[in-house]
Amino acid sequence: MPDTRIANTSWKEERVALRTLREQVFINEQKVSKDLEWDGLDEEAQHFIAYQDGAPVGCARLLKGNKIGRMAVIKSYRGQGIGRKILDHIKRFANQKRTTLLTLSAQCHAYSFYRQSGFDACSSPYEDADIPHIDMECR
């Protein structure tokens with residue numbers, strides 16, 4: 001069984017790995033423009049990175065202490081519970097910081113994943129980067 005570990009990190013510490021993961025998932029796979037992906041908010045965000053057997057395979061960031069974003073898992077590693085582990089780690093991190101509400105903008109195809117992880121829809125679907133999204137929150 002593979003060893004999966006989630007670590008708290010910063011853009012300064014793990015910029016290369018975080019950039020590589022997000023380029024692979026968002027820019028190459030989902031065709032999100034580089035201008036939209038690199039929004040200038042990474043320096044101020046808390047980042048999380050998932051390692052499987054020592055290799056980076058997933059990531060997410062937390063903005064302003066409660067907005068989860070840029071959550072990505074490399075395609076060949078999906079379906080192994082890595083995304084759930086990242087979310088659970090972020091929830092524990094937020095709880096330690098006494099954060100009572102987490103929000104995110106979910107791609108609609110991932111709605112049930114976030115729903116099963118305790119998030120509820122709080123908006124109507126909308127387009128972001130030509131991909132249908134819906135806002136969700138977890139108290």
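Going by the structure above, here's the rest.
A quick note: this is a predicted structure, and the numbers were derived from the prediction, not measured.

**Side note on the state of the cysteines**
Link 1 in the chain: Under the definition given, this model contains 0 disulfides.
Link 2 in the chain: Free of any disulfide, Cys108 has its nearest neighbouring cysteine sulfur in Cys122, separated by 12 Å.
Link 3 in the chain: Under the relative-accessibility criterion, Cys108 is labelled partly exposed at 27%.
Link 4 in the chain: With no disulfide partner, Cys138 has as its closest neighbouring cysteine sulfur the one in Cys122, 11 Å distant.

**What to know about the nonpolar core**
Link 1 in the chain: Ile68, Ile86, Ile90, Tyr114 and Phe119 are the most contacted members of the largest nonpolar core, which has 24 residues in total.
Link 2 in the chain: Elements with a minimum of two residues in this core: strand S2 (46-52), strand S3 (55-63), strand S4 (67-73), helix H3 (82-96), strand S5 (102-107) and strand S8 (131-138).
Link 3 in the chain: Ranked by the residues each element gives to this core, the list is headed by H3, at 6 residues.
Link 4 in the chain: In this structure, Ala7, Trp11, Ala72 and Ile131 belong to the second largest nonpolar core, which totals 14 residues.

About the thresholds
- Residues numbered from 1 in each chain as written.
- Predicted model: local features only at pLDDT ≥ 70, side-chain atom pairs only at ≥ 80, totals over all residues.
- Heavy atoms only, no water.
- Disulfide = S-S within 2.5 Å.
- Buried < 20%, exposed > 50% of the residue type's maximum accessible area, 1.4 Å probe, protein only.
- Core = buried A, V, L, I, M, F, W, Y, C linked by side-chain atoms within 4.5 Å.
- Helix = DSSP H or I, 4+ residues; strand = E, 2+ residues; numbered from the N terminus.

Scope: geometric values only; no functional claims are made or implied.
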